[in-house]
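Now for the letters of each chain:
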Amino acid sequence: MVNLLELEKELLPANVGDPAARTGMEQSFDGAIQRIKCIAGVTMRKFGSTCEIGEIAGTVCEFYQNCAQTTLEAEPVRVPYAKAVSVALVINELVSNSIKHNQRLGRPLAVSIRVTQDDAAGQIVILYHDNGRGFPAQHPGAEAHSGAGSRILSSVVVYEFRGTMKQRNDGGAVVELRIPKKALLPLEKRRVASEELSTKAGGASG
């Protein structure tokens, strides 16, 4: 699939009159190629039935080691292997967006990823920070919903995981993702957790 996409990219019409349009098309191909490589890299790793989010993030960051300096801190949060690709796509979009929007930064791009648990809220927190230009000053996060990468982020975090995504500027772009722990449980365990929660709620109301 990667070879086919690279071939299609090379065969883009040479007579595309608008250089910006051609650049946009090439970036779209590059983004798709990188996502496939990310998915392949994760699925080929022998994580077992579960894996730590830190391991997944580390695998993704390996693809960008020549483009950004990455710092990773992660508590031992384990997720089922079936969710590994979705988590990998989230990390991939965060890092690739930083690289894309800071290509002419004038200094080395540095990104940090921190994974923690908020036990009181029953959430996993992924805090992402880069030292780039940040979001547009007039509307922080204005670019966040315009591209394919941003739509992937929203699709996975908000719709698949039922989580939240907040963005702000603080010496660069900061993205805070909050994902309910139960959203990362295997389906059968999720059902048990929901049943237990319903039972407790019923007992409390009685």
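Note that the structure is a prediction, hence the values are computed from the model and not measured.

### Considering the nonpolar core
Then, in step 1: One finds I53, I113 and L177 to be the most contacted residues of the largest nonpolar core, which totals 40 residues.
Then, in step 2: Of the residues forming this core, the biggest block, eight residues, is contributed by helix α4 (residues 84-101).
Then, in step 3: Those residues in contact with L177, other than ones at most four positions away along the chain, are V90, L94, I124, V125, I126, V157, T164 and M165.

### Side note on the pairing of strand β7 (residues 173-180)
Then, in step 1: With respect to burial, β7 is a largely interior element, seven of its eight residues being buried.
Then, in step 2: Note that strand β5 (residues 123-130) and β7 share seven bridges and pair antiparallel. Across the sheet, residue V125 finds its bridge partner in β7, namely R178.
Then, in step 3: In this antiparallel pair of consecutive strands, strand β6 (residues 164-169) and β7, the connection spans three residues, and G171 shows a positive phi of 65°.

### Some details on the environment of I179
Then, in step 1: Mapped onto the elements of the fold, I179 is located in strand β7.
Then, in step 2: Spatially, the C-alpha atoms of I179 and Q117 are 9.6 Å apart, while their sequence positions differ by 62 residues.
Then, in step 3: Setting aside residues no more than four positions away along its own chain, I179 makes contact with G122, Q123, I124, I126, F161, G163 and L184.

### Some remarks on α4
Then, in step 1: With 18 residues, α4 should cover 26 Å at 1.5 Å per step; its first-to-last C-alpha distance of 26 Å lies within 8% of that length.
Then, in step 2: The buried count for α4 comes to 14 of 18 residues, which makes it a mostly enclosed element.

### Focus on the environment of S155
Then, in step 1: Looking at the secondary structure, you find S155 in helix α5 (residues 148-160).
Then, in step 2: Remark: the alpha-carbon pair of S155 and V90, spanning 65 residues in sequence, is separated by 9.7 Å.

Here is what the cut-offs are and how they apply
- Residues numbered from 1 in each chain as written.
- Predicted model: local features only at pLDDT ≥ 70, side-chain atom pairs only at ≥ 80, totals over all residues.
- Heavy atoms only, no water.
- Core = buried A, V, L, I, M, F, W, Y, C linked by side-chain atoms within 4.5 Å.
- Buried < 20%, exposed > 50% of the residue type's maximum accessible area, 1.4 Å probe, protein only.
- Helix = DSSP H or I, 4+ residues; strand = E, 2+ residues; numbered from the N terminus.
- Contact = heavy atoms within 4.5 Å.
- Pairing = 2+ DSSP bridges.
- Expected span 1.5 Å × (residues − 1).

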